[in-house]
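One-letter residues, chain by chain:
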Amino acid sequence: MYDIKALYEAESVEHAIKLLQEHPEAQIIAGGSDVLVQIREGRRAGVELVSIYMLDELRGVSIDEEENIRIGSLTSFAHITKDPIIQKYINVLGEAVDMVGGPQIRAIGTIGGNTCNGVTSADSASTLMAWDAVMEVTGPEGVRRVPIQDFYIKAKVVDLKPGELQTAILIPKSSYENCYGHYIKYAMRNALDITTTGCSVNVVLSEDKKKFERVRAGYGVAAPIPMRATTAEEFLKGKNVTEKNIKEFSEMVLEDVNPRNSWRASRALRRHISVVMAERALRESIRLAGGEING
Amino acid sequence: MDNQYKVVHCTINGKAVEKVVDVRASLTDMLRNDYRLTSVKKGCEVGECGACTVIIDGEGFNSCIYLAVWAEGKEIWTVEGLISPEGELSDIQEAFVEEGAIQCGFCSPGFIMTSWEILKSGKEYTDDELRKLLSGHLCRCTGYENIFRAVKKTMLRRLGKKKEAEKVNSQGITEYPNPMPFI
Ligand code: FES
Ligand code: FES
């Protein structure tokens, strides 16, 4: 038995909001692969929970009227990886979440939970960061949209006010159009491990494939929250696709990444792999975009 | 708290059932205590070892980190459901026995349910793919190779590749045509 004080099962999004208002102390449980484990460890023992797991309306991937890719917050990692829309427009996200835990964790883990827990090591977060995802948050006052950069406030704290829950993650068309990306997870094991540092890069190349129109690089575990290497991104904008520029870009990520020493790895190791991963992920993104490195 | 208990209706191993369940129970608790399905093991109870794996609506889940009340309306399968009406083992279980993929047996029910999910797809997976699909389980006894071999052999047999299946050697890879004779 879990040490749960009370469990309130939401029957709709409105009902979930009402339950959260009625029970201000209660925490949201989605798939539970974090929350239940923390209860078991005693860290959250005796909690009141509002469960949203049964809300099938929050599952699935679609293209909405504004042509955003809309990922319901309760969509499991396994379903994201298998989804044809994801595979067509943002395959890197499917690949990234396919590196979370093991198969059974990917069956229960949700992308909403992965972002709302505010953890920097979340395998979905660096890619969502790198693709300028927008969080759809629903609460007593209605629906609001928050860019992912603003959604993460500090370690383990996200922009969810009392009574609010995240209901979808949107990828705008301007973000995914002609865009190709690659994610690298550095960890000690190939499965059931937490990211030491992760890097997700994507590119839009010019029509002749010779110039970078836009480059974005997102990182997990390079700072207390997922972040972007904006200095390096700015540097490559409009530049030619050359060896020298790729090298300079990857060195330049050190201007922004700011990892810490932890028992998993040292700051020095994390800085080193940040550079190596930036280069490799960029090269693979260029390849996927059909580009060639000239000179 | 007033609604500490809830009636949960679901289908377990092909049979529609319902029971009043404590909302604090995990699905492992419900399957073991209320339905006596003790093939569902309690290993770590935090979603790391896979000993508690069951199939829910066609996908493998760690039942220890799944609330029992979420089973409402779901179709659940455990190892008990794989046995034929005459009590015979399934081909997967036979292969586990044959390959010595079971030592203490604690991880076996979980591995077998995941194998069942993998093999029902009818696909032929590469060795790397199979290893990844099996990676959500820990085994402290066998060193995994015997388990991998049992799954690979069953996959090949189901695909009608009997000869290839028999050639899967102790490394889990297909043997060369002329192996070194024993001296
Ligand atoms: S007992 Fe459920 S994963 Fe270990
Ligand atoms: S056979 Fe003992 S844990 Fe796998």
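In this text the structure is predicted, and so the values were computed from the model without any measurement.

**Student:** Looking at this structure, how should I read helix α2 (residues 91-98) of chain B?
**Tutor:** Structural remark: α-helix, 3.6 residues per turn; residues separated by three or four positions point the same way. All names here are of chain B. Buried residues of α2: I92, Q93, A95 and F96, and no others. Projected down its long axis, α2 carries its buried residues within an arc of 160°, all on one side. Structurally, α2 contributes buried residues whose contacts are with α3 (108-120) and α5 (145-158).

**Student:** Would you take a moment to explain the domain arrangement of chain B for this structure?
**Tutor:** Interfaces are often sized by the accessible area lost when the parts come together. Residues and elements named next belong to chain B. Domains assigned within chain B are domain 1 (5-81) and domain 2 (91-171). Each of domain 1 and domain 2 has a C-alpha centre, and the two are 23 Å apart. Taken residue by residue, the interface counts 16 residues in domain 1 and 13 residues in domain 2. Of the roughly 1,200 Å² buried at the junction of domain 1 and domain 2 (both faces included), carbon and sulfur atoms supply 67%. Per-residue buried area on domain 1 facing domain 2 is highest for T53, I55 and V79; these three make up 37% of the total on that side.

**Student:** Honestly, the packing of aromatic side chains in this entry has me stumped. Any pointers?
**Tutor:** One pair of aromatic rings is described through two measures. These are the centre distance and the angle between the planes. Residue and element names in this part refer to chain B. Applying the stated criterion across every chain, the model contains eight aromatic pairs over all chains. Relative to Y144, the ring of F111 lies with its centre 6.4 Å away and its plane at 65°, an arrangement referred to as edge-to-face. Here F111, found in helix α3, pairs with Y144, found in the loop between α4 (127-133) and α5; they are 33 residues apart in sequence, far enough to count as distant. According to the relative accessible area criterion, Y144 is partly exposed, its value standing at 29%.

Criteria and thresholds
Residues numbered from 1 in each chain as written. Chains lettered and ligands numbered in written order. Predicted model: local features only at pLDDT ≥ 70, side-chain atom pairs only at ≥ 80, totals over all residues. Heavy atoms only, no water. Buried < 20%, exposed > 50% of the residue type's maximum accessible area, 1.4 Å probe, protein only. Helix = DSSP H or I, 4+ residues; strand = E, 2+ residues; numbered from the N terminus. Arc of directions from axis to C-beta. Contact = heavy atoms within 4.5 Å. Domains from an automatic or database assignment. Buried area = accessible area lost by both parts, 1.4 Å probe. Phe/Tyr/Trp six-rings, centres within 6.5 Å; stacked < 30°, edge-to-face > 60°.

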